[in-house]
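# Overview (structure and organization)
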Amino acid sequence: MCPIRFAKGYRVTAPFILGCGACPTCLSDDATCCDTQDVIGFTHPGAFPELIAIPRADFNLVPLPEPVKYAAAAGMVCRVTTAFKAVVDRGAVQPGNGWWCMAAAVSSQADSQHSLK
C-alpha cells in the first residue's frame, strides 16, 4: 500500500483500529489485525474530540469524498470494516455476488434514517 500525503483542510476519516503501517500484516492491507495497533479511546485518549492527531496519519487516514457527510463517515469507520471482514473473511463472499449490493443499499437506507441531523 502506497501512503497518500494529506494536507491541512483535506476531508478525511480514519478507521477505528489504526495500524502501524510497516508490519507484514499492515502491508498486506489487513491493518485491523496489526499486532501494534492503536485504538482511539482505548490505547490512547481521544474518543470524542473535535480535533485529533492520528498516529501514522499518512497510512491510516482515508480520503472522504465530498458527498459523504461527516456523521455518516463517523459510523462507517467501525461498522463497515467489521461487517466487511465478517462477510468477506467468514462468509467467503467474492466479487460478483449480487447480494452484496443489496446489503449495502439496505445498510445505507437504514443509516440515513438514523443519522445525526
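Counting starts from 1 at the beginning of each chain's written sequence and moves along it residue by residue. Given that this is a predicted model, residues contribute local features only at a pLDDT of at least 70 and side-chain atom pairs are listed and counted only at 80 or more, while totals for whole chains, interfaces and linings are drawn from all residues. Hydrogens are left out, water is left out, and the side-chain values use all remaining heavy atoms of the structure.

On to the pattern of salt bridges. By definition here, a salt bridge exists when the distance from a side-chain nitrogen of Lys or Arg to a carboxyl oxygen of Asp or Glu is within 4 Å. Applying the stated criterion across every chain, the model contains two salt bridges. Close ionic contact of Glu66 with Arg11 constitutes a salt bridge, the shortest N to O distance being 3.6 Å. Here the residue Glu66 occupies a position in the loop between β4 (62–63) and α3 (70–90), and Arg11 occupies one in the segment before β1 (12–13), the gap between them amounting to 55 residues. Only protein chains enter the calculation, and the probe is 1.4 Å; a residue is then buried if its accessible area is under 20% of its type maximum, exposed if over 50%, and partly exposed in between. The exposure class of Glu66 is exposed, given its relative accessible area of 61%. A salt bridge links Asp38 to Arg56; the shortest N-O distance between them is 2.6 Å. Linking Asp38 in strand β3 (residues 38–39) with Arg56 in the loop between β3 and α2 (57–60), this pair joins segments that are 18 residues apart in sequence. Helix and strand assignments follow DSSP, with helices taken as H or I runs no shorter than four residues and strands as E runs no shorter than two, numbered in order from the N terminus.

Our next topic: the layout of surface pockets. The way it works is a 1 Å grid over only the protein atoms, where trapped points that fit a 1.4 Å probe form a cavity and open points with protein on both sides within 12 Å along at least five of seven lines form a pocket, and then any residue with an atom within 4 Å of a point lines it. Grid points are joined across faces, edges and corners, and a volume is the space filled by probe spheres set on the points. The calculated volume of the largest pocket comes to roughly 1,000 Å³. If you trace the largest pocket, you find 29 residues lining it, with Thr13, Ala14, Pro49, Ile52 and Ile54 closest to the centre. Of all the secondary-structure elements, those providing two or more residues to the lining of the largest pocket are β1, α2 and α3. Broken down by element, the lining of the largest pocket gets its largest block of residues, five residues, from α3. Any residue outside Ala, Val, Leu, Ile, Met, Phe, Trp, Tyr, Cys, Pro, Asp, Glu, Lys and Arg is labelled polar, Gly included; the first ten of those are nonpolar and the last four are charged. In terms of residue class, the lining of the largest pocket is built from 22 nonpolar, three polar and four charged.

This part is about the packing of aromatic side chains. Each aromatic ring pair is described using two quantities: the centre-to-centre distance and the angle formed by the ring planes. Each pair of aromatic rings taken from Phe, Tyr and Trp, with Trp reduced to its six-membered ring, is defined by centres within 6.5 Å and is described as stacked if the planes are under 30 degrees apart, edge-to-face if over 60, and tilted in the remaining cases. Tallying each qualifying case throughout the model produces two aromatic pairs. With 5.9 Å between their ring centres and 80° between their planes, Phe6 and Tyr10 make a pair best called edge-to-face. Summarising the aromatic geometry, the rings of Phe16 and Phe42 are spaced 6.0 Å apart at their centres and angled 85° between planes, so their arrangement reads as edge-to-face. Of the two residues, Phe16 sits in the loop between β1 and β2 (17–18) while Phe42 sits in the loop between β3 and α2, which places them 26 residues apart along the sequence. For Phe42, a relative accessible area of 65% corresponds to the exposed category.

Time to look at the side chain of Arg11. The exposure class assigned to Arg11 is buried, which follows from its relative accessible area of 18%. Side-chain polar atoms of Arg11 contact the backbone oxygen of Val68, separated by 2.3 Å. In this analysis, two residues are considered to be in contact whenever any of their non-hydrogen atoms come within 4.5 Å of each other. Not counting residues within four places of it along the chain, the set of residues in contact with Arg11 comprises Val62, Pro63, Leu64, Pro65, Glu66, Val68 and Tyr70. Here a polar contact is recorded for every N or O atom pair within 3.5 Å, except that within protein the pair must consist of a potential hydrogen donor and a potential acceptor, and residues adjacent in sequence are included only if both atoms are side-chain atoms.

Relative to the helices and strands, Leu18 resides in strand β2. Leu18 sits 36 residues away from Ile54 along the chain, and the two C-alpha atoms are 8.3 Å apart. In this structure, Leu18 is in contact with Gln37, Asp38, Ile40, Ile54, Pro55, Arg56 and Asn60, ignoring residues within four places of it in sequence.

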